[in-house]
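Survey of secondary and tertiary structure
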Amino acid sequence: MSAPSSGHGKTAIAVGLLAAMAARGLSTAGFKVGPDHTDAAYLGLAAGRPGRNLDPRLVGAQRVAPLFGHGASGAQLSVIEGAMGLFDSLTGQPEIDGTAAVAAALRAPVALVVDVAAMGHSLAALVHGFRMFDEMVHLGGVILNRVASPRHEQMLRSALDDIGMPVLGALRRGDLPNVLPSRAHGLVPVAHRTVEAGRAVRRLGEAVAQALDLDRLMALANSAPPLPGPLWTPSEAAGEPVESRVVVALAGGPGAPYTYVETAELLTAAGAEVVIVDPLRDESLPPGTRALIVGSGLPEGYAEELSANHRLCAEVARFARDGWPVIAEGVALPWLGRELDGRPMCGVLDISGATGEQTVAGYREATAPGSSVLAPAGARITGYKQHRAVVSPRAGTAPAWTWSGGNPEGFVWRQVHASQLGLHWAAAPEIAKRLVAAAVAGPSMPSTLTPPMPVPQMSGGPAQPAPSGVPGPAQGIPGPSGPVPVPVGVPGNGPVPESDPTPTTGPVPGMVPFDGSVEGGSPAHGPVHGMPAAAGPMFGMPPAAGPVLGAPLAGSGMAPVNGQGPGMAPTNGPGAGMAPSNGPGVFSPNGPISPRPGSGTPNSGPVHGTHNPGPSHGPGDVSDIHPTSDLPIPS
């Protein structure tokens, strides 16, 4: 399900289509192209099973088809909602991570949603252009949205009939209710299974069932050939589980976790008992918790609720200071800090956060400058960040990540790993095994380190005693329960500049050097965007090669898998956006991607996906405070 651009109504229609098909008794599955947690959650709510993300940039193009097959297993219909326009890309490389690339890789037919409120016969030219732009994409039909009148609809149908394009349905102005909760709430309404979220999905399903030709849409889905290749399985990805079953608390609600669904599956496969804890509602960690994970799906707009949960803040602070593993992404970084917008938080890290006016959003080719509970030193992985909160300082003595063109970010202290960068663990299943092993091993309590903040007090209760060997409050920097000294060698000791107008041309201290440029670099001086240097360490490779998080899957092809049901979208070989083993073309963090061949369309039109040799992320002298891959996101 795609559109010419954002704002045409594809999310509401995709959610409504899943709800309408589920109401018919069909088993459905919902997917979202890209890193967006919110849309995936609503698609999952409509389908009755967890919504999943298909992001070639985060997980590697070669994993998209196996992950899709895993998520769609047993479904009679799978609906994949695209991101932005059909041929758009957040990184400017749609041939790698755009909706069209995912559709071509899965051989999934595309239904194009078009807002026709101000269109007439020009609709035919628009649709014809989308159909001819990429020979690898099968445009199976058009859904008309916001039709003005019966006469208007007849005119549009006639125009599309002239070019042989089927109309899969038409919605009048006002037919599609604006009922989905505000995006400021993120996936929380789904996670909490609110009445508002359930009612919105039901009403969208009723509207779509009345306006769209569901039988024709089902036939279009059934036209997709079977999906070849091995399915992704958490057990195979995570490897042998640990012998001891340990409790790992994963932030989320009864309806969805605040992270990608595969995280919980990988933790379970690695030997953990995953128990959901909601930082917005629960006042304590689950009994027996030995590790805590708060993913990047938790929205920043809930800072007040996070701050008000004093009991959980106090317990998390003690948990971290006792040396248990804590992974924090997104808003969980300032949540572990001293305050956010003046509201007291957990106080594990001596940082403060403030919400800025502009949203920072973009992918990062990140490198771990030192070893942590999450990754070994030198490990590299692609992550995504989207936030308005700015923390100060932005990194501690031991940063969580570094990347080209920006300053270090995040904090590593004891077994705490905190950053605003969100990861998709399917790209690096080693993370789950590493975390579970750390949880089994128990607390890490270096005698040379003292916590950067005191244990916060519960509201109206007595002061909590400091752990053994930890100095109590003293004169120094103020904290939630009084001024405390800032010890040497802990997060927050000494400010790190928020931006550096003159980034270094050499490697960041502690960072693995690259032969070529990555984000912010110029392709003229080396491989394009994120290609690892041969000399750099690689996670999962032999020790001489060093670590790279999420190394590509072995093998250049996929063995056929039988038994796929109707509506399953396939791949036959690498396909668009898939990483071949050799040949020139566009480079990605997962290997070279050959450009598509020249014109093969009936009208000899241009073929989408030709690599542009120019820089894809702007000049290399742009610091990370406003990286050139970041796009302002409307509220």
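The structure presented is a predicted model; accordingly, all values stated were derived computationally and were not measured. (Residues numbered from 1 in each chain as written. Predicted model: local features only at pLDDT ≥ 70, side-chain atom pairs only at ≥ 80, totals over all residues. Heavy atoms only, no water.)

Examining helix α7 (residues 122-133)
Selection rule: Only runs of H or I of at least four residues qualify as helices and only runs of E of at least two qualify as strands under DSSP, and these elements are numbered from the N terminus. Multiplying 1.5 Å by the helix residue count minus one yields the expected span of that helix. Here the term buried applies to any residue with accessible area under 20% of the maximum for its type, exposed to any over 50%, and partly exposed to those in between, with areas from a 1.4 Å probe on protein chains only. The criterion used for residue contact is that any of the two residues' heavy atoms lie within 4.5 Å.
Spanning 12 residues, α7 covers 17 Å between terminal C-alpha atoms, matching the ideal 16 Å at 1.5 Å per step. Turning to α7, its buried residues number three or more, namely Leu123, Ala124, Val127, Phe130 and Met132. In this structure, the buried side of α7 is in contact with β4 (110-115), β5 (139-147) and α8 (150-162).

What to know about the confidence of the model for the protein
Stated precisely, the cut-off is as follows: Note on scores: pLDDT gives the predictor's confidence for each residue, bounded by 0 and 100.
Mean pLDDT for the protein: 79, with 70% of residues reaching 70 or above. In this model, residues 447-451 is a region of pLDDT below 50 whose contacts with residues beyond four sequence positions or in other chains number 14 contacts. Considering only residues more than four positions removed or in separate chains, one finds that residues 551-635, a stretch of pLDDT under 50, has 223 contacts.

Regarding the sheet that holds strand β7 (residues 246-251)
Note the cut-off: Only strands that DSSP links by at least two bridges are regarded as paired with each other. Here the axes come from fitting lines to C-alpha atoms, over the contacting stretch only for helices, and the angles between their N-to-C directions go from 0 to 180 degrees.
On the basis of which strands lie adjacent, the open sheet formed by 6 strands has the order β8-β7-β9-β10-β16-β15 and mixed pairing. Each of the sheet's edge strands pairs with one partner strand only, and the pair in question is β8 (272-277) and β15 (411-413). Taking the axes of each pair of neighbouring strands and ignoring which way they run, one obtains an average angle of 15° across the sheet. Pairing of β7 with β8, which is carried by 6 bridges, proceeds in the parallel orientation. Bridged to alanine 249 within β8 is valine 275. Strands β7, β8 and β9 (289-294) of the sheet are contacted by helix α13 (residues 261-269), whose axis makes an angle of about 145° with β8. Together, β9, β10 (326-328), β15 and β16 (416-418) form the strand contacts of helix α15 (residues 310-321), whose direction differs from that of β9 by roughly 115°.

Comments concerning the sheet that holds β5
Through backbone hydrogen bonds, the strands of a sheet pair up, either in parallel or in antiparallel fashion. Here 3 strands make up an open sheet; going across it, the order is β4-β5-β6 and the pairing parallel. In the strand order of this sheet, the two ends are held by β4 and β6 (167-172), each with one partner. Adjacent strand axes in the sheet meet at a mean angle of 15°, parallel and antiparallel pairs treated alike. Alignment of β5 against β6, held across 5 bridges, turns out to be parallel.

With respect to the packing of aromatic side chains
The criterion, for reference: Only Phe, Tyr and Trp rings are paired, with Trp represented by its six-membered ring, and only when their centres lie within 6.5 Å; those with planes under 30 degrees apart are stacked, over 60 edge-to-face, the remainder tilted.
Counted according to the given criterion, the structure contains 5 aromatic pairs. On the numbers, 5.6 Å between centres and 35° between planes, the contact of phenylalanine 87 with phenylalanine 130 is tilted. Here the residue phenylalanine 87 occupies a position in the loop between β3 (77-81) and α5 (94-97), and phenylalanine 130 occupies one in helix α7, the gap between them amounting to 43 residues. For phenylalanine 130, a relative accessible area of 15% puts it in the buried group.

Quick look at the pattern of salt bridges
Selection criterion: When a carboxyl oxygen of Asp or Glu is within 4 Å of a side-chain nitrogen of Lys or Arg, the pair counts as a salt bridge.
Across all of its chains, the model carries 15 salt bridges by this definition. Put simply, aspartate 97 and arginine 57 hold a salt bridge, and the shortest N to O gap is 3.0 Å. Of this pair, aspartate 97 sits in helix α5 while arginine 57 sits in helix α3 (residues 56-59), and the two are 40 residues apart along the sequence. On the basis of relative accessible area, aspartate 97 is assigned to the buried category, the value being 9%. Taking relative accessible area as the criterion, arginine 57 reaches 2% and is therefore assigned buried. Glutamate 409 is the partner of lysine 385 in a salt bridge, and the nearest nitrogen-oxygen pair spans 2.5 Å. Taken together, the residues span a long stretch of sequence, with lysine 385 in strand β14 (residues 380-392) and glutamate 409 in the loop between β14 and β15 at a distance of 24 residues. Each member of the pair, lysine 385 together with glutamate 409, is buried. In the salt-bridge network here, residues are joined through shared partners; they are Lys32, Asp36, Asp39, Glu81 and Arg183.

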